[in-house]
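One-letter residues, chain by chain:
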There are 2 protein chains.
Amino acid sequence: MSLTVDLVVLTVRDDRLHVLLIERGKEPFRGKTALPGGFVRSREDSDAAALRELAEETGLDGRTLHLEQLRSYTRPDRDPRGRVVSVAYLALAPDLPLPVAGTDARRARWTPVADLGPGDLAFDHARILADGLERARAKLEYTTLATAFCPPTFTITELRRVYEVVWGVSLDARNFHRKVVNADDFLVATGTRRVPDVGRPAALYRAGGATVLYPPMLRAAAQHPVART
Amino acid sequence: MSLTVDLVVLTVRDDRLHVLLIERGKEPFRGKTALPGGFVRSREDSDAAALRELAEETGLDGRTLHLEQLRSYTRPDRDPRGRVVSVAYLALAPDLPLPVAGTDARRARWTPVADLGPGDLAFDHARILADGLERARAKLEYTTLATAFCPPTFTITELRRVYEVVWGVSLDARNFHRKVVNADDFLVATGTRRVPDVGRPAALYRAGGATVLYPPMLRAAAQHPVART
DNA sequence: GGAATAGTGTCTATGAGACACTATAAC
DNA sequence: GTTATAGTGTCTCATAGACACTATTCC
């Protein structure tokens, strides 16, 4: 029995949600699109393997990203090579340029999640991706994880775009602004501003110390438009 | 490399949160207390193994319980026998009598979670239990999972006790009552009542079709007693 | 009637959601 | 001054939380 890690690496780029995909260089599924990942070595745990594969296949440094275990996939027939159990990880990244270095990094690319069709991914990676997306969407509600999609300093508009793009909704800019600046230790004002090519400069913030978001950002309200009368 | 499942089976009994533990009959950790579990067979996935081990070791039927994958534990040194990866599952059960049948069932027993000391569990099972508890506590907030601790029909007081015991707080009976009966499809009145030995009979409900709880039952408010002024 | 538990109503404070205009900067 | 984006205030409604008494049943 073998153990692998598979990585769902998400980012927001050009107002669309993207996932990092590679083109497989080896059988099975050679030439097919897949999540980055690889075998866990005998002396490492899956966390270490996830960090290593992230660096090897994509050039990203997982220590600077949000990286968490998602769940494991154990169906005996999920890999034609035999029994291969995969521990999936979810990583959230700001819109970083992909370093071209590294052995396999040339094949890594950001792909808009919405552009993927049903059979586009190898193995059971479509399912893993779906689980990762659902985890990310859910955690935006109750945690401060949205900042993991942002660079070290960011504007409130950028943060709002994260919510809008990941959830596929549009949010009222005024209510959002009020909510995030009032939330406990979610944002810390840096006192600096970003001067854009055009338009009024925006105040820059960095992530505060909070990990849970209170009060939560309830996506559910959109799903339950009328609460009951 | 081997694959095992470990089960965190929780219930509420006598107003205390209990976890199902076994006494190990084999090395390593023979005679020591541990979570129930065992090796995944070559033709089954971990979900099937979790169901099978639950039946074998505890006599419980996982199909009638809430059973979900928790996460995996992959540290190379977590089992003295060598590399053993464990997929942990979380199960929530009503206060069932433990069937005494089955090969190992005689050693399974409910143990109050609060009575466990730091070194009481074999392997890394203390960590797995802690992760399972945190998952259960978190999911009570945003899902209708509390009903998984209740029998098929239950009273609102029983449901409130679940929250109180799992979270270790006390909740206002009036506010709780209003909240759960107003929540979308959380409870369905059966029209029947339970007549206790003493006291006024209580209306019986069964779980509604909702899986998410909206509005959520915010535990966070207790952790943030003063929201900001 | 006593004991035990179930069930309910109101008030206040806070957050959610709807909604439109002003501020700042580059050109 | 035109263009583009940032930033803000108010009103209404819903929910949270505090709080005490009545209802039902068994004995």
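Remember, predicted model here, so these are calculated numbers, not experimental data. Numbering of residues starts from 1 in every chain and runs along the sequence as written. Chains carry letters from A onward and ligands carry numbers from 1 onward, assigned in written order. Only residues with pLDDT of at least 70 get local features here, since the model is predicted, and only at 80 or more are side-chain atom pairs given and counted; chain-wide, interface and lining totals rely on the full set of residues. Hydrogens and waters are ignored; side-chain quantities use all the structure's heavy atoms.

## Some thoughts on the overall build of chain A
Moving on, step 1. Segments assigned H or I by DSSP are reported as helices when at least four residues long, segments assigned E as strands when at least two residues long, and all are numbered from the N terminus. A tally of regular secondary structure across chain A gives five helices and nine strands.
Moving on, step 2. Secondary structure elements in chain A, listed N-terminal to C-terminal, are β-β-β-β-α-β-β-β-α-α-α-β-β-α.
Moving on, step 3. Our radius of gyration is a C-alpha quantity, and the globule rule it is checked against amounts to 2.2 Å times the number of residues to the power 0.38. Taking 229 residues into account, the globule formula puts the C-alpha radius of gyration at 17 Å, and chain A, at 19 Å, falls close to it.
Moving on, step 4. Projecting the C-alpha coordinates of chain A onto the three principal axes gives extents of approximately 55 × 50 × 35 Å.
Moving on, step 5. Each of the 229 residues in chain A was classed as buried or not, and the buried ones make up 49%.
Moving on, step 6. In this analysis, two residues are considered to be in contact whenever any of their non-hydrogen atoms come within 4.5 Å of each other. Here the contacts in chain A between residues at least 6 apart in sequence split such that 67% fall between residues at least 24 apart.
Moving on, step 7. A 1.4 Å probe and the Shrake-Rupley method give the accessible areas. Residues count as covered only by the protein chains that appear here. Entry remark: accessible area of chain A is about 11,000 Å², with carbon and sulfur atoms responsible for 51%.
Moving on, step 8. When charges are counted, neither His nor the chain ends are considered; positive counts come from Lys and Arg and negative counts from Asp and Glu. Here the site of a charge means NZ on Lys, CZ on Arg, CG on Asp, or CD on Glu. With 33 positive and 29 negative side-chain charges, chain A shows a separation of 2 Å between the mean positions of the two kinds. Only protein chains enter the accessibility calculation, which uses a 1.4 Å probe. A residue is then buried if its area is under 20% of the maximum for its type, exposed if over 50%, and partly exposed in between.

## So, the side chain of B:Thr58
Residue and element names in this part refer to chain B.
Moving on, step 1. Structurally, the position occupied by Thr-58 is in helix H1 (residues 46-58).
Moving on, step 2. Engagement of the side chain of Thr-58 in a polar contact is seen with the backbone oxygen of Leu-54, the distance being 2.4 Å.
Moving on, step 3. Side-chain atoms alone can form a polar contact between residues adjacent in sequence; in general such a contact is a pair of N or O atoms within 3.5 Å, and within protein one must be able to donate a hydrogen while the other accepts it. Within the local environment of Thr-58, its side chain forms a polar contact with the backbone nitrogen of Leu-60, the two atoms lying 3.2 Å apart.

## Considerations on the packing of helix H3 (residues 156-167) of chain A against helix H4 (residues 173-182) of chain A
Residues and elements named next belong to chain A.
Moving on, step 1. Where H3 meets H4, the closest approach of the two axes is 10 Å, and the angle between their N-to-C directions is 105°. Considering their axes alone, H3 and H4 lie roughly perpendicular with respect to each other. Every residue of H4 that contacts H3 at Ile-156, Leu-159, Arg-160 and Tyr-163 is listed here: Ala-173, Phe-176, His-177, Val-180 and Val-181.
Moving on, step 2. Per-class residue counts for the contact of H3 with H4 are seven nonpolar, one polar and one charged. Note on definitions: angles span 0 to 180 degrees between N-to-C directions of axes, and those axes are lines fitted to C-alpha atoms, for helices only across the stretch in contact. Roughly parallel refers to an angle under 35 degrees, roughly antiparallel to one over 145, roughly perpendicular to one between 65 and 115, and oblique to any angle outside these ranges. Under the grouping applied here, Gly and all other residues not named as nonpolar or charged are polar, the nonpolar ones being Ala, Val, Leu, Ile, Met, Phe, Trp, Tyr, Cys and Pro and the charged ones Asp, Glu, Lys and Arg.

## Structural notes on the packing of helix H2 (residues 125-142) of chain A against H3(A)
All names here are of chain A.
Moving on, step 1. Their axes nearest at 10 Å, the elements H2 and H3 cross at an angle of 140°. In this view, H2 runs oblique relative to H3, as classed from their interaxial angle. The chirality of how H2 crosses H3 is left-handed. Judged by residue contacts, Arg-137, Leu-140 and Glu-141 of H2 engage Val-162, Tyr-163, Val-166 and Trp-167 from H3.
Moving on, step 2. Grouping the constituent residues of the contact of H2 with H3 by class yields five nonpolar, no polar and two charged. Here a crossing is taken to be left-handed if its near helix is turned anticlockwise relative to the far helix by less than a right angle, and right-handed if that turn runs clockwise.

## Quick look at the side chain of A:His125
Moving on, step 1. Turning to its location among the elements, A:His125 is positioned in helix H2.
Moving on, step 2. Setting aside residues up to four positions removed in sequence, A:His125 forms contacts with A:Asp6, A:Ala34, A:Leu35 and A:Arg78.

## Here's the deal with the relation of the copies chain B and chain A
Moving on, step 1. The transform that puts chain B on chain A rotates by 180° and translates by 0.0 Å along the axis, for an RMSD of 0.0 Å. Accordingly, the operation relating the two chain copies is best matched by a two-fold axis.
Moving on, step 2. A symmetric contact is evident, with 100% of the interface residues of chain B recurring at the interface of chain A. Alignment of copies: least-squares fit on C-alpha atoms of residues with pLDDT of at least 70 in both copies.

## Some details on the interface of chain B and chain A
Moving on, step 1. If you look at the interface, chain B gives 31 residues, while chain A gives 31 residues.
Moving on, step 2. Note on definitions: buried area is the accessible-area loss of two parts on being combined, 1.4 Å probe, summed for both. Of the roughly 2,500 Å² buried at the junction of chain B and chain A (both faces included), carbon and sulfur atoms supply 55%.
Moving on, step 3. In what follows, salt bridge is the name for a side-chain nitrogen of Lys or Arg lying within 4 Å of a carboxyl oxygen of Asp or Glu. Scanning the region where chain B abuts chain A turns up zero salt bridges.
Moving on, step 4. Put simply, chain B and chain A have 13 residue pairs in polar contact (both at pLDDT 80 or more) between them.
Moving on, step 5. Secondary-structure elements contributing two or more residues to the side of chain B that touches chain A are strand E5 (66-73), strand E6 (84-92) and helix H5 (220-223) of chain B.

## Examining the domain arrangement of chain A
Residue and element names in this part refer to chain A.
Moving on, step 1. Start and end positions for the domains come from either an automated domain assignment or a database one. Segmentation of chain A into domains returns domain 1 (2-140) and domain 2 (143-223).
Moving on, step 2. The distance between the C-alpha centroids of domain 1 and domain 2 comes to 26 Å.
Moving on, step 3. Contacts between the two partners involve 17 residues from domain 1 and, on the opposite side, 16 residues from domain 2.
Moving on, step 4. Carbon and sulfur atoms make up 69% of the area that domain 1 and domain 2 hide from each other, which totals about 1,500 Å².
Moving on, step 5. The tally of links from domain 1 across to domain 2 stands at two salt bridges.
Moving on, step 6. Measuring nitrogen to oxygen at the nearest pair gives 3.5 Å for the salt bridge that ties Arg-161 to Asp-15.
Moving on, step 7. Where domain 1 packs against domain 2, one counts five residue pairs in polar contact (both at pLDDT 80 or more).
Moving on, step 8. When residues of the side of domain 1 that touches domain 2 are assigned to their parent elements, the largest contribution, five residues, is made by H2.
Moving on, step 9. Each residue belonging to the side of domain 1 that touches domain 2 can be placed in one class, and the counts come to eight nonpolar, two polar and seven charged.

## Some thoughts on the layout of surface pockets
Any empty space left between atoms is shown by rolling a water-sized probe over those atoms.
All names here are of chain B.
Moving on, step 1. Buried and open spaces are told apart on a 1 Å grid over the protein atoms alone, a cavity being a set of points where a 1.4 Å probe fits but cannot get out and a pocket being an open set with protein on both sides within 12 Å along at least five of seven lines. Residues with an atom within 4 Å of a point are the lining residues. Grid points are joined across faces, edges and corners, and a volume is the space filled by probe spheres set on the points. One number sums up the size of the second largest pocket: a volume of about 480 Å³.
Moving on, step 2. If you trace the second largest pocket, you find 26 residues lining it, with Arg-24, Lys-26, Gly-37, Gly-38 and Glu-57 closest to the centre.
Moving on, step 3. Among the secondary structure elements, those contributing two or more residues to the lining of the second largest pocket are strand E1 (2-13), strand E4 (37-39) and H1.
Moving on, step 4. Looking at the lining of the second largest pocket element by element, the count peaks at four residues for H1.
Moving on, step 5. The residue inventory of the lining of the second largest pocket, partitioned by class, reads seven nonpolar, five polar and 14 charged.

## Some details on the packing of aromatic side chains
Moving on, step 1. Working definition: rings of Phe, Tyr and Trp (its six-membered ring) pair if their centres are within 6.5 Å, and the pair is stacked with planes under 30 degrees apart, edge-to-face with planes over 60 apart, and tilted otherwise. According to the stated counting rule, one finds seven aromatic pairs over all chains in the structure shown.
Moving on, step 2. Aromatic pair B:Tyr163 and B:Trp167: ring centres 5.2 Å apart, planes at 75°, arrangement edge-to-face. Residue B:Tyr163 and its partner B:Trp167 are located together in helix H3 (residues 156-167), separated by four residues, close to a single helical turn. Note on accessibility: B:Tyr163 and B:Trp167 belong to one class, buried.
Moving on, step 3. Measuring from ring centre to ring centre gives 5.6 Å for B:Tyr163 and B:Phe176, while their planes differ by 65°; the resulting arrangement is edge-to-face. With B:Tyr163 in helix H3 and B:Phe176 in helix H4 (residues 173-182), the pair connects residues that are 13 residues apart, well separated along the chain. The same class applies to B:Tyr163 as to B:Phe176, namely buried.
Moving on, step 4. Linked through ring pairs, A:Tyr163, A:Trp167 and A:Phe176 together constitute an aromatic cluster.

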